[in-house]
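So the chains spell out like this:
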Amino acid sequence: MVNTVPRLSAEVREALDQGRPVVALESTIISHGLPRPDNLRLAFELEEIVRDGGAVPATVAVLDGVARVGLGKEELERLGTEDGLRKLGVRDLAPALALGVSGATTVSATAHLAARAGVRVFATGGLGGVHRDWVSDQDESADLGLLAHTGITVVCAGVKSILDVPATLQRLETLSVAVVGYRTAEFPGFYLTTSGLPVDWTLQSPEQAARLMRAQEALGTDHSALIVGNPVPPEQQLDPALHDRVLAEALDAARRAGVTGQAVTPFLLAHLVEHTGGASLRANLAAVRGNTALAARIAVAYAATPA
Ligand code: PSU
Ligand code: MN
């Protein structure tokens with residue numbers, strides 16, 4: 001057997017060889033972003049959504065020191081139930097492989113491995129970005145820097161609203177990462193339908209997204225990502241007043257507890273789930289499901305669009 005990095009499932013390899021649509025899915029949301037047992041249920045459901053949309057799902061993770069693109073049932077179960085899985089950003093991939101550990105991949109690590117395998121479309125919930133206390137602690141997700149030099153289309157509900165959203169959008173502009181709204185002129189707000197901030201471009205269909213990707217390739221700007229902001233429907237968003245109140249409390253709690261580094265995002269997300277009576281969880285799940293369905297449609301349109 002040829003030892004390639006990452007290791008592709010047979011199904012994903014075959015689809016890519018034949019130019020059929022594939023959608024990458026990240027695993028940190030399963031292991032660190034959502035409470036059990038909703039996390040595992042969602043992992044399976046997202047794969048179903050991709051299949052129903054006519055594409056092949058490729059969940060990405062590192063298992064026992066092997067980078068994987070496309071997982072089977074037992075491997076998905078490990079992600080949803082195993083204790084002690086690491087959270088792996090792109091810089092953690094080499095250590096994880098060298099030391100033989102298992103971990104879930106964030107947006108940065110997932111995008112890297114998926115693009116390396118030849119997958120062009122990726123769905124997640126909300127991207128990481130510039131944190132609100134950036135001036136003092138310089139916390140900015142590795143997602144942004146990675147997307148500046150990785151040719152993949154990421155369908156997301158914007159960036160997580162726990163972040164400094166205006167600063168994150170500015171950073172994406174500086175990094176020359178393309179950002180579009182899907183059927184909206186406003187950047188989505190993750191749990192919220194809108195962040196209140198404008199986007200420069202709006203797409204109306206998966207076919208337009210596919211044409212944009214082909215244009216990036218023709219121009220040689222496909223060394224960086226395309227971010228497709230897909231808002232959670234208004235009837236499924238978290239109540240904005242509740243969001244603002246509980247988020248302020250969560251940020252305060254994180255500061256008091258001295259939470260730093262990789263632990264910040266999971267801490268804040270968990271705090272919101274607990275203190276909104278699960279309402280933030282429902283909005284998060286709705287966002288991820290919607291993004292996954294749209295990603296499948298974009299992957300299908302891309303496969304049908306000539307270079
Ligand atoms: N989207 C979600 N939930 C999550 C994440 C995204 O709906 O938990 C994860 C992604 O893996 C993203 C990570 O890359 O949070 C960002 O973590 P950090 O801020 O530490 O870079
Ligand atoms: Mn961080």
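All of these numbers come straight from a predicted model, not from anything done at the bench.

About the criteria used
- Residues numbered from 1 in each chain as written.
- Chains lettered and ligands numbered in written order.
- Predicted model: local features only at pLDDT ≥ 70, side-chain atom pairs only at ≥ 80, totals over all residues.
- Near = placed C-beta within 6 Å.
- Helix = DSSP H or I, 4+ residues; strand = E, 2+ residues; numbered from the N terminus.
- Nonpolar A, V, L, I, M, F, W, Y, C, P; charged D, E, K, R; others polar.
- UniProt positions renumbered as here; feature names shortened; annotations may be inferred.
- Buried ≥ 20, exposed ≤ 12 C-beta atoms within 10 Å, placed from the backbone.
- Contact = placed C-beta atoms within 7 Å.
- Expected span 1.5 Å × (residues − 1).
- Arc of directions from axis to C-beta.
- Axes fitted to C-alpha atoms, helices over the stretch in contact; angles between N-to-C directions.
- Parallel < 35°, antiparallel > 145°, perpendicular 65-115°, else oblique.
- Left-handed = near helix turned anticlockwise from the far one by under 90°.

## Quick word on the site of ligand 1
Here is step 1: Lining the immediate environment of ligand 1, one finds 19 residues, of which Gly33, Val107, Gly125, Gly128 and Ser141 sit closest.
Here is step 2: For the shell around ligand 1, the secondary structure elements donating two or more residues are α2 (28-33), α8 (142-147), α12 (264-275) and α13 (279-304).
Here is step 3: Broken down by element, the residue count for the shell around ligand 1 peaks at 4 residues, all from α2.
Here is step 4: Broken down by class, the residue content of the shell around ligand 1 amounts to 5 nonpolar, 12 polar and 2 charged.

## Describing the UniProt feature "binding site: Mn(2+)" (unreviewed entry) in the chain
Here is step 1: Mapped onto the present numbering, the UniProt feature "binding site: Mn(2+)" (unreviewed entry) falls on Asp139.
Here is step 2: Its location among the elements puts Asp139 in the loop between α7 (134-137) and α8.
Here is step 3: Overall, Asp139 belongs to the partly exposed group, with 19 C-beta atoms counted inside 10 Å.
Here is step 4: The contact partners of Asp139, leaving out residues within four places of it in the chain, are His131, Asp133, Trp134 and Val264.

## Things to note about helix α10 (residues 206-219)
Here is step 1: Relative to the 20 Å expected for 14 residues at 1.5 Å per residue, α10 spans 20 Å between its end C-alpha atoms, a close match to the ideal helical length.
Here is step 2: Of the residues making up α10, those classed as buried are Pro206, Ala209, Ala210, Leu212 and Met213. Seen from one end, α10 has its buried residues packed into an arc of 160°, which puts them on one side. Of the residues in α10, the exposed ones pointing more than 90 degrees away from the buried face are Ala218 and Leu219.
Here is step 3: Buried residues along α10 sit in contact with β8 (153-156), β10 (202-203), β11 (226-229) and α13.

## Focus: the UniProt feature "binding site: substrate" (unreviewed entry) in the chain
Here is step 1: According to UniProt, the "binding site: substrate" (unreviewed entry) feature falls on Lys87, Val107, Ser141, Ala142 and Asp143. A maximum C-alpha distance of 13.1 Å among these annotated residues, which run over 57 residues, shows that they cluster at one spot.
Here is step 2: Looking at where Lys87 falls in the secondary structure, it is placed in strand β5 (residues 86-88).
Here is step 3: Its 20 C-beta neighbours within 10 Å are what place Lys87 among the buried residues.
Here is step 4: The residues touching Lys87, leaving out its near neighbours within four places in the chain, are Thr28, His32, Gly103, Ala104, Thr106 and Gln262.

## Some points on the packing of α10 against α13
Here is step 1: As a packed pair, α10 and α13 sit with axes 8 Å apart at the nearest point and diverge in direction by 55°. The orientation of α10 relative to α13 falls into the category oblique. Where α10 crosses over α13, the handedness of that crossing is right-handed. Of the residues in α13, those touching α10 at Pro206, Glu207, Ala209, Ala210 and Met213 are Arg297, Ile298, Ala301 and Tyr302.
Here is step 2: Split by residue class, the contact of α10 with α13 holds 7 nonpolar, no polar and 2 charged.

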